[in-house]
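Report on the structure
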Amino acid sequence: MEILHTCAELRQWSRQKRLLQARNDRGNTIGLVPTMGALHAGHASLIRAAASSCTHVAVSIFVNPTQFGPNEDFSRYPRTFAADCALAQAAGADVIFAPSVEELYPNGPESTFIEVPALSDRLDGKSRPGHFRGVATVVAKLFIAAEPDRAFFGQKDSAQVAVLRRMTADLRLATEIVVCPIVREPDGLALSSRNIYLSPEEREWALTLSRALRQAQALFAAGERRASKITQAARITFAEMPQIRVDYIALVDWDTLEPIETATPGSLFAVAAWVGATRLIDNAILGESSR
Ligand code: AMP
């Protein structure tokens, strides 16, 4: 498996692979899986999805400074590059793209940024000002360098998916956004690189997020459509666990991230909460089965 460090190398790799004699009659296709490293089974599922639908797969590993706020965990974010390469290769990656900060931001804070103003201040964007500006910018840079046919993202970061879908539509980018299901621990906790921050006690408390989602799914399945009732039930569930501080509980349209009054199949029920010093997010699409 190759490891590349510059955008020019990634572009050259992508263009060369596309021109190779195709192994099937649909031609060669490039899949991209953007990550911040500290890879786990959730990332592996994205890489496997990419490998099963694209002939060549690039995985980017880049802890993107512009999507972290000044008091967030950029400097202590887990960095496990050797293990990441092994996991990515086993899941079907052909190349790792691991650029430096200077490579992706050659002009530092003076660099060009991408904003998705309609969605940037919603959900995580509201609690993390500037976060989605950083996400949209880095993903745009990766798309421009890799020229992927498809890029694979987790439903786990549901607001990020909405922002990137809008960016792709607005910029008329040729890359198709593919969204993959949330991979969970057997007890329901969504896998996250940040779970390693949790103490054993906090790990237990963190189950409140997935419990609240299952409850919302159950209410919806039982016929409840009033957003106020569905969110209220989640509020009560969180109130029973005062060790956790809720950031948001939201029932929204997944495209616009606007709150809705009446839930429909496909509505996004999303939660974010502080468990000790760790902020966790999770979500469910109402009407879709979840474990
Ligand atoms: P990150 O490294 O946290 O930026 O995540 C990289 C990609 O992996 C994003 O598209 C995430 O949504 C996705 N991802 C993170 N956790 C999970 C999970 N538990 N299941 C599926 N995808 C995930």
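For the structure given in this document, a descriptive report is provided here. (Residues numbered from 1 in each chain as written. Predicted model: local features only at pLDDT ≥ 70, side-chain atom pairs only at ≥ 80, totals over all residues. Heavy atoms only, no water.)

1. Section: the side chain of E224
Mapped onto the elements, E224 comes out in the loop between α9 (207–221) and α10 (227–239). At a separation of 2.8 Å, a polar atom in the side chain of E224 contacts the side chain of R226. (Helix = DSSP H or I, 4+ residues; strand = E, 2+ residues; numbered from the N terminus. Polar contact = N/O pair within 3.5 Å; in protein donor to acceptor, adjacent residues only side chain to side chain.)

2. Here we look at unusual backbone geometry
Positive phi is not limited to glycine here, since E147 has a value of about 45 degrees. Inspection of the secondary structure assignment puts E147 in the loop between α6 (131–146) and β5 (150–154). What makes E147 partly exposed here is its relative accessible area of 28%. We note that R172 has phi near 50 degrees; this positive angle belongs to a residue other than glycine. (Buried < 20%, exposed > 50% of the residue type's maximum accessible area, 1.4 Å probe, protein only.)

3. Focus on empty space enclosed by the protein
Taken as a whole and judged by the stated rule, the model has 3 cavities of 30 Å³ or more. In this structure, the largest cavity occupies an estimated 60 Å³ of space. Along its surface, the largest cavity is lined by K156, G188, L189, A190, S192, N195, A206, L209, S210, L280, I281 and D282. At the level of secondary structure, the elements contributing two or more residues to the lining of the largest cavity comprise α9 and β9 (278–285). (1 Å grid on protein atoms, 1.4 Å probe; cavity = no way out; pocket = protein on both sides within 12 Å on 5 of 7 lines; lining within 4 Å. Points joined across faces, edges and corners; volume = space filled by probe spheres on them.)

4. Quick word on the sheet that holds strand β4 (residues 95–97)
Pairing is parallel across the open sheet formed by 6 strands, whose spatial order is β1-β4-β3-β2-β5-β6. Looking at strand neighbours, the two that pair on one side only are β1 (2–4) and β6 (176–180), the edges of this open sheet. Within the sheet, the average angular offset between the axes of one strand and its neighbour, ignoring direction, is 25 degrees. As judged from the 6 bridges shared by strand β2 (residues 30–35) and strand β3 (residues 56–61), these two strands associate in the parallel manner. (Pairing = 2+ DSSP bridges. Axes fitted to C-alpha atoms, helices over the stretch in contact; angles between N-to-C directions.)

5. Quick look at the pairing of β3
In regular strands, side chains alternate between the two faces of the sheet. Across the 6 residues of β3, 6 count as buried, placing the element largely inside the fold. The alternating pattern of β3 places H56, A58 and S60 on one face and V57, V59 and I61 on the opposite face, and all of these are buried. Taking the sense of rotation as the criterion, the β-α-β connection linking β2, helix α2 (residues 41–53) and β3 turns out right-handed. Across 3 bridges, β3 lies against β4 in parallel orientation. (Right-handed = clockwise from strand over helix to strand, strands pointing away.)

6. Quick word on helix α1 (residues 7–19)
Residues spaced three or four apart along an α-helix face the same direction, because each turn holds 3.6 residues. With 13 residues, α1 should reach 18 Å at 1.5 Å per residue; the first-to-last C-alpha distance of 18 Å fits that figure. Of the residues making up α1, those classed as buried are C7, L10, W13 and S14. For α1, the buried positions fall inside an angular range of 125 degrees around the axis, keeping them on one side. Of the residues in α1, the exposed ones pointing more than 90 degrees away from the buried face are A8 and L19. (Expected span 1.5 Å × (residues − 1). Arc of directions from axis to C-beta.)

7. Thoughts on the packing of aromatic side chains
This model, assessed by the stated rule, comprises 5 aromatic pairs. Between Y105 and F113, the ring centres sit 6.1 Å apart and the planes meet at 25 degrees, which makes this aromatic pair stacked. Residue classification places Y105 among the buried residues on the basis of a relative accessible area of 5%. Ring centres of F143 and F153 lie 6.5 Å apart, and the angle between their planes is 55 degrees; this geometry places the pair in the tilted category. Within this pair, whereas F143 is found in helix α6, its partner F153 is found in strand β5, the two being separated by 10 residues in sequence. Classification of F143 as buried rests on a relative accessible area of 5%. An aromatic cluster is defined as three or more aromatic residues linked by ring pairs; in this entry it consists of F62, Y105 and F113. (Phe/Tyr/Trp six-rings, centres within 6.5 Å; stacked < 30°, edge-to-face > 60°.)

8. Looking at the site of the ligand
In the vicinity of the ligand there are 17 residues, among which M36, G154, D157, V183 and L191 approach most closely. D157 has a polar side-chain atom sitting 2.6 Å from an oxygen atom of the ligand. Between a nitrogen atom of the ligand and a main-chain N or O atom of L191, the distance comes to 2.9 Å. For the ligand, whose unbound accessible area comes to 490 Å², protein coverage reaches 93%. A majority-of-atoms criterion places the ligand in the largest pocket. Sorting the residues of the shell around the ligand by element identifies β2, α2 and β5 as the ones contributing at least two each. Top element by residues in the shell around the ligand is α2. It accounts for 3 residues. Residue classes in the shell around the ligand are distributed as 9 nonpolar, 6 polar and 2 charged. (Near = heavy atom within 4 Å. Areas by Shrake-Rupley, 256 points an atom, 1.4 Å probe, with all protein chains shown as cover. Sits in = over half its atoms within 2 Å of the grid points. Nonpolar A, V, L, I, M, F, W, Y, C, P; charged D, E, K, R; others polar.)

9. Remarks on the sheet that holds strand β7 (residues 244–252)
Strand order in the open sheet formed by 3 strands is β7-β8-β9, with antiparallel pairing between adjacent strands. Both edges of this open sheet fall to β7 and β9, since each of them pairs with a single strand only. Neighbour to neighbour, the strand axes of the sheet diverge by 15 degrees on average, direction disregarded. This element, α9, spans β7, β8 (268–275) and β9 of the sheet and lies at about 20 degrees to β9. (Contact = heavy atoms within 4.5 Å.)

All quantities given are derived from atomic positions and should not be read as evidence of function.
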